[in-house]
Amino acid sequence: QDGYYLAKLLKSKNYTVHGLVRRSAGRHAERERVFEYLDERIAGDVTDFGTLCRIFEQHDYDEVYHLAAQSFVAESFSDPFSTWKINTVGTLNVLEAIRHFAPNVRLYNAASSEMFGNEPAPQAINTPFMPRSPYGVSKLAAYQLVKNYRESYNLYACSGILFNHESPIRGEQFVTRKIVKAAVAIKKKRQKELRLGNLNAMRDWGHAEDYVQAMHMMLQHARPTDFVIGTGKTYSIRDFCLYTFDHFGMNYENYVTVSPEYYRPAEVNQLQADIQPALFDLGWQPTHTLKTLIADMITYEWNNS
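Being a predicted model, the structure only gives us computed values, none of them experimental.

Caption draft 1: Molecular detail of the environment of Thr244. With respect to the secondary-structure elements, Thr244 resides in helix H9 (residues 237-246). A relative accessible area of 0% means that Thr244 is categorised as buried. Sequence separation between Thr244 and Asp60 is 184 residues; the distance between their C-alpha atoms is 45 Å. With residues near it in sequence (within four places) discarded, Thr244 still touches Ile179, Val180, Ala183, Ile294 and Ile298.

Now the structure itself:
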């Protein structure tokens, strides 16, 4: 989703946009949606250092947005090795390729609020990091690598610590899309119930369309600076269910059941961004509320299911 909205934004600003596209045997409609905004697709993988070196040697880029990741937290528990290879080693590969072949490029790295773990909310740039998943650990290591390369090699390299951001094209395995998809299916009488895990987990949910604006603004900043990006408001998964089903005049309690199989081995209870630096130093602010985000997701799902 981020690649789609970011490429769309950059094209609106008359950028020439190249996208690194991992080879895949299958087709994925939402994955391929981003292609309409790419001037060129370059086959490659962030885990392949040699390919990245060739790309940066052959192209004179001004900005690089490093979004590639294994980003499903639950998957990181079942496959921590791939998560580490993609998220951490992949970031190291990008940094090394830039250091050797494109030292003047401006690099944005996608970090994650999962790095904070259960530190008290709201979480700010100076809040201690205590990740509670292999995903969070991998993202923290990548974040520290970016910081180290910035300080060691004078690279323009910064990270956006993005809190949960959603959109109509969010992956179907993520809980927000899962809730919206189920509510629409239940309203259309194609499904009878929705099984979820911890309904009390609280998250700071924003719209990906807003967050890619922050990514771009970070690379226009006078100096490379890490920022926390979120809405500053937190809601539970129970709230998300309530608002989504209420959109159709339904009571979520009649359809949602809790299943232990969806609980994480180690849960993050509450994430809430302290966005004051983003507001005042970056000049960015979110435009969507949770309810407008949900409405956008519902409209898309209703029209495409």
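Caption draft 2: Here's a closer look at helix H3 (residues 49-58). Turning to H3, its buried residues are Thr51, Leu52, Cys53, Ile55 and Phe56. Between the side-chain oxygen of the N-cap and the backbone nitrogen of Gly50 there are 3.3 Å, and the N-cap of H3 in question is Asp48.

Caption draft 3: Quick peek at the pairing of strand E4 (residues 106-112). Most of E4 sits out of view: six of its seven residues are buried. Bridge count for E4 against strand E5 (residues 156-162) is seven bridges, and the pairing is parallel. Bridge pairing in E5 places Ser112 opposite Leu162. With respect to chirality, the unit in which E4 leads through helix H6 (residues 134-153) into the neighbouring parallel E5 is right-handed.

Caption draft 4: Looking closely at the packing of aromatic side chains. Enumeration according to the criterion identifies 14 aromatic pairs in this entry. On the basis of an interplanar angle of 85 degrees and a centroid distance of 6.2 Å, the ring pair of Phe56 and Tyr61 is categorised as edge-to-face. According to the relative accessible area criterion, Phe56 is buried, its value standing at 7%. Site record: aromatic cluster; members linked through ring pairs are Phe116, Phe129, Tyr143 and Phe163.

Caption draft 5: Focus on the packing of H3 against helix H5 (residues 80-101). As a packed pair, H3 and H5 sit with axes 9 Å apart at the nearest point and diverge in direction by 35 degrees. Viewed along their axes, H3 and H5 form a crossing whose handedness is right-handed. Here Phe49, Leu52, Cys53, Phe56 and Glu57 of H3 lie close against H5, whose contacting residues are Asn93, Val94, Glu96, Ala97, Ile98 and Phe101.

Caption draft 6: Up close: a nonpolar patch on the surface. Nonpolar side chains collect at one region of the surface, where Trp84, Val89 and Val137 lie side by side and expose about 230 Å² of accessible area between them. Position of Val137 relative to the elements: it lies in helix H6. Val137 gets classed as partly exposed once you look at its relative accessible area, which sits at 39%.

Caption draft 7: Broad picture of helix H1 (residues 2-12). Residues of H1 that are buried: Asp2, Tyr4, Tyr5, Leu6, Ala7, Leu9 and Leu10. Those residues of H1 that are buried lie in contact with strand E3 (63-66), strand E6 (165-166), strand E9 (206-207) and helix H8 (208-220). Of the residues trailing H1, Asn14 is marked for its positive phi of about 65 degrees.

Caption draft 8: Quick look at the sheet that holds E5. With parallel pairing, four strands are arranged side by side in an open sheet as E3-E4-E5-E10. A strand with exactly one partner marks an edge of an open sheet, and here the two such strands are E3 and strand E10 (227-229). Strand-to-strand twist in this sheet, taken as the mean axis angle between neighbours without regard to direction, amounts to 25 degrees. Here four bridges tie E3 to E4, and the two strands are oriented parallel to one another. In the sheet register, Val64 faces E4, and the bridge partner there is Leu107. H6 rests against E4 and E5 of the sheet, and its axis sits at about 155 degrees to E4. Contacting E3, E4, E5 and E10, H8 crosses the sheet at an angle of about 155 degrees to E5.

Caption draft 9: Focus on the environment of Asn164. As for its position among the elements, Asn164 is in the loop between E5 and E6. With relative accessibility at 18%, the residue Asn164 sits in the buried group. Sequence spacing of Asn164 and Leu282 is 118 residues, and the spatial spacing of their C-alpha atoms is 19 Å. Excluding residues that lie within four positions of it along the chain, Asn164 makes contacts with Ser113, Arg203, Asp204, Trp205, Gly206, Tyr211 and Leu271.

Caption draft 10: Quick look at the pattern of salt bridges. Tallying each qualifying case throughout the model produces 12 salt bridges. Where Arg170 meets Glu166, a salt bridge forms, and the shortest distance between an N and an O atom there is 2.8 Å. By relative accessible area, Arg170 is classed as buried at 13%.

Caption draft 11: The arrangement of the pairing of strand E1 (residues 18-21) in detail. Residues Gly19 and Val21 line the buried face of E1, whereas the alternating positions His18 and Leu20 sit on a face that is not buried. With four bridges connecting them, E1 and strand E2 (residues 40-43) associate as parallel partners. Its bridge partner being in E2, Gly19 is matched across the sheet by Arg41.

Rules used in this analysis
Residues numbered from 1 in each chain as written. Predicted model: local features only at pLDDT ≥ 70, side-chain atom pairs only at ≥ 80, totals over all residues. Heavy atoms only, no water. Helix = DSSP H or I, 4+ residues; strand = E, 2+ residues; numbered from the N terminus. Buried < 20%, exposed > 50% of the residue type's maximum accessible area, 1.4 Å probe, protein only. Contact = heavy atoms within 4.5 Å. Polar contact = N/O pair within 3.5 Å; in protein donor to acceptor, adjacent residues only side chain to side chain. Pairing = 2+ DSSP bridges. Right-handed = clockwise from strand over helix to strand, strands pointing away. Phe/Tyr/Trp six-rings, centres within 6.5 Å; stacked < 30°, edge-to-face > 60°. Axes fitted to C-alpha atoms, helices over the stretch in contact; angles between N-to-C directions. Left-handed = near helix turned anticlockwise from the far one by under 90°. Patch = residues over 30% accessible without salt bridge, like charges linked within 9 Å, V, L, I, M, F, W, Y side chains within 5 Å. Areas by Shrake-Rupley, 256 points an atom, 1.4 Å probe, with all protein chains shown as cover. Salt bridge = Lys/Arg side-chain N within 4 Å of Asp/Glu carboxyl O.

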